[in-house]
Amino acid sequence: TFNEQTVVSENRVTPIPKDIGFDIAALMGCAVTTALGLINNHAKVKIGQSIAIFGCGGVGLNIVQGAAIVAANPIIAIDIYDSKLEFARQFGATHLLNGKTVDLRTEIRKIVGPKGVDVAVENTGNVRLIETAYELTAPQGRTILVGVPRHDEDITIHSLPLHFGKVLTGCEGGQSHPTTDIPRYLSLYRAGKLKLDSLITHRHKLNDINLALDQVRAGEVGRCVIVMS
């Protein structure tokens with residue numbers, strides 16, 4: 001919200017240890033907690049399960065590394081920017097697909113077979129990609145929507161598989177429990193098992209917020225921190 005001070009209910013505050021920098025702590029506000037919560041609490045990804053991540057921004061990159069932490073395989077990263085796909089490789093993706101240059105249906109089925117992936121996560125809110133993610137999810141798999149479509153756009157799906165075990169659901173914050181989850185994530189960070197420093201690729205002062213937004217739109221950013229003073 002770009003505010004320097006705020007009033008927050010006590011039960012919505014999670015203490016951060018003094019040895020954790022504010023820039024790393026800021027990532028706990030959404031990107032990390034949503035992504036790791038999705039993997040651990042919502043999708044409950046198991047060792048060796050396949051996952052496809054549509055959109056590799058701040059949340060998507062952390063979904064990739066969360067999937068790598070729990071030993072998912074394969075981990076398919078999908079984006080329209082090669083720079084973001086290279087980030088995804090560094091965070092644990094086993095396969096990279098540029099949605100502008102390949103047919104996603106063909107390529108994903110080449111990787112995981114005709115049944116599809118165990119988990120498909122859609123981060124962009126693009127209705128056509130949501131339909132594709134659902135289509136490429138296995139009959140007993142889970143399609144999880146992090147991205148939210150425009151209010152005037154709807155998806156069209158074949159709903160029959162939902163009656164036989166397939167799941168389509170929205171994600172709100174990864175079903176996270178900040179008081180218990182954030183200390184665990186910071187413990188992983190301290191142990192070098194959670195990459196957060198390299199996730200922050202840009203830092204800007206508030207006066208340069210428009211430049212920061214342009215860089216986000218151009219696909220140049222992992223995560224950008226706005227320094228208030």
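Our structure is the block above this text.
Residues numbered from 1 in each chain as written. Predicted model: local features only at pLDDT ≥ 70, side-chain atom pairs only at ≥ 80, totals over all residues. Heavy atoms only, no water.

Peer 1: Residue-level account of the overall build of the protein, with values.
Peer 2: The helix and strand inventory of the protein stands at eight helices and eight strands. Taken over the C-alpha trace, the protein has a radius of gyration of 18 Å; the compact-globule value for 229 residues is 17 Å, and the two agree within 12%. The principal-axis extents of the C-alpha atoms in the protein amount to approximately 50 × 35 × 35 Å. Taking all 229 residues of the protein together, 44% fall into the buried category. Excluding contacts between residues fewer than 6 apart, the proportion of contacts in the protein whose partners are at least 24 apart in sequence is 64%. Surface summary for the protein: the accessible area is close to 12,300 Å², and the carbon and sulfur share equals 53%. Separation between the mean location of the 23 positive side-chain charges and that of the 22 negative ones in the protein comes to 6 Å. (Helix = DSSP H or I, 4+ residues; strand = E, 2+ residues; numbered from the N terminus. Rg over C-alpha atoms; globule rule 2.2 N^0.38 Å. Buried < 20%, exposed > 50% of the residue type's maximum accessible area, 1.4 Å probe, protein only. Contact = heavy atoms within 4.5 Å. Areas by Shrake-Rupley, 256 points an atom, 1.4 Å probe, with all protein chains shown as cover. Lys, Arg positive; Asp, Glu negative; His and termini not counted. Charge placed at Lys NZ, Arg CZ, Asp CG, Glu CD.)

Peer 1: Can you lay out the nonpolar core for me, pointing to particular residues and giving the numbers?
Peer 2: Ile-24, Val-32, Leu-38, Ile-51, Ile-63 and Leu-196 are the most contacted members of the largest nonpolar core, which has 42 residues in total. Breaking this core down by element, the ones donating at least two residues are helix 1 (22-27), helix 2 (31-42), strand 1 (51-54), helix 3 (58-69), strand 2 (75-79), helix 4 (82-90), strand 4 (117-122) and helix 7 (178-190). Those residues in contact with Ile-24 that lie beyond four places of it in its chain are Leu-186, Tyr-189, Leu-196, Asp-197 and Ile-200. By size, the runner-up hydrophobic cluster in this structure holds eleven residues, among which are Ile-76, Leu-97, Ile-108 and Val-117. (Core = buried A, V, L, I, M, F, W, Y, C linked by side-chain atoms within 4.5 Å.)

Peer 1: Report on the packing of helix 2 against helix 7, specifying residues and quantitative values.
Peer 2: The interhelical angle for the contact between helix 2 and helix 7, taken along N-to-C directions, is 100°, at an axis separation of 11 Å. With respect to their mutual orientation, helix 2 and helix 7 come out roughly perpendicular. Where helix 2 abuts helix 7, its residues Val-32, Thr-33, Leu-36, Gly-37, Asn-40 and Asn-41 lie against Asp-181, Ile-182, Arg-184 and Tyr-185. Partitioning the contact of helix 2 with helix 7 into residue classes produces four nonpolar, four polar and two charged. (Axes fitted to C-alpha atoms, helices over the stretch in contact; angles between N-to-C directions. Parallel < 35°, antiparallel > 145°, perpendicular 65-115°, else oblique. Nonpolar A, V, L, I, M, F, W, Y, C, P; charged D, E, K, R; others polar.)

Peer 1: Account for helix 6 (residues 127-135), naming residues and giving values.
Peer 2: All buried positions along helix 6 are accounted for by Val-127, Ile-130, Glu-131, Thr-132, Ala-133 and Tyr-134. The backbone nitrogen of Arg-128 lies 2.9 Å from a side-chain oxygen of the residue at the head of helix 6, namely Asn-126. (Polar contact = N/O pair within 3.5 Å; in protein donor to acceptor, adjacent residues only side chain to side chain.)

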